[in-house]
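# Architecture and fold: a report
Listed here are the chains, written in short residue letters.
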Amino acid sequence: CVREEPIGTEERPFKGMLIYPNPFDHLINIGHTQAKGEGKAEVQVFNQSGQSVISFTLSDDTHQQNLQFLPSGIYYLKIISDNREVTYKKVIKK
């Protein structure tokens, strides 16, 4: 089942988030302050068609995710913090 969700290309500012490297090859790192005693954050990765391709939970202050299976292209990260604040970030897979 493929989940589609509309995404704008406008990035919302990240508060306490660091995503690197960008562009990335296989691994992407997400550093965030949300996990330090403030709860977890949920991440959804969408392709340019708005299809969700993977989702995962950030529970550590630095999370490394293997996205080797994704083809090269532009993706959007949707991060939902424990307090339901939503942020978006465009990333590029080499």
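Notes on the structure in this doc start here. In this text, all values refer to a predicted model and were calculated from it rather than measured experimentally.

Across its full length, the chain carries zero helices and seven strands. Each helix (α) and strand (β) of the chain, taken in turn from the N terminus, gives the series β-β-β-β-β-β-β. Among the 94 residues that make up the chain, the fraction classed as buried is 39%. By sequence separation, contacts in the chain at least 24 residues apart represent 59% of the contacts at least 6 residues apart. Here the chain displays about 5600 Å² of accessible surface, and carbon together with sulfur accounts for 46% of that area.

This paragraph deals with the sheet that holds strand β5 (residues 62-66). Reading across from one edge, β1-β2-β5 is the order of the three strands in this open sheet, with antiparallel pairing throughout. With partners counted over all chains shown, the strands left at the sheet margins are β1 (17-20) and β5, one partner each. The sheet shows a mean angle of 15° between the axes of neighbouring strands, taken without regard to direction. Judged from the four bridges that link them, β1 and strand β2 (residues 27-32) form a sheet pairing that is antiparallel. Considered in β2, the bridge of Leu18 is made with Gly31.

What follows covers the pairing of strand β6 (residues 73-80). With respect to burial, β6 is a largely interior element, six of its eight residues being buried. Of the strand pairs in this sheet, strand β3 (residues 41-46) and β6 are connected by five bridges, and their pairing is antiparallel. Each bridged residue has a counterpart across the sheet, and for Val45 the counterpart in β6 is Leu77. Pairing of β6 with strand β7 (residues 86-93), which is carried by eight bridges, proceeds in the antiparallel orientation. Of the residues in β7, the one forming a bridge with Gly73 is Lys93. Between β6 and β7, which pair antiparallel in sequence order, lie five residues; one of them, Arg84, sits at a positive phi of approximately 70°.

Its place among the elements puts His63 in strand β5. In terms of polar contacts, His63 uses its side chain to reach the side chain of Gln65, at 2.9 Å. Those residues in contact with His63 that lie beyond four places of it in its chain are Ile28, Asn29, Ile30, Phe56, Thr57 and Leu58.

In this section: the sheet that holds β6. The strand order across the open sheet formed by four strands is β4-β3-β6-β7, and the pairing between neighbours is antiparallel. In this open sheet, the two strands that pair with only one neighbour each are β4 (52-58) and β7. Strand-to-strand, the axes of this sheet are offset by a mean angle of 20°, without reference to chain direction. For β3 and β4, the ladder comprises six bridges, and the chain directions are antiparallel. For Val45, the partnering residue across the bridge sits in β4 and is Ile54.

Conventions we followed
Residues numbered from 1 in each chain as written. Predicted model: local features only at pLDDT ≥ 70, side-chain atom pairs only at ≥ 80, totals over all residues. Heavy atoms only, no water. Helix = DSSP H or I, 4+ residues; strand = E, 2+ residues; numbered from the N terminus. Buried < 20%, exposed > 50% of the residue type's maximum accessible area, 1.4 Å probe, protein only. Contact = heavy atoms within 4.5 Å. Areas by Shrake-Rupley, 256 points an atom, 1.4 Å probe, with all protein chains shown as cover. Pairing = 2+ DSSP bridges. Axes fitted to C-alpha atoms, helices over the stretch in contact; angles between N-to-C directions. Polar contact = N/O pair within 3.5 Å; in protein donor to acceptor, adjacent residues only side chain to side chain.

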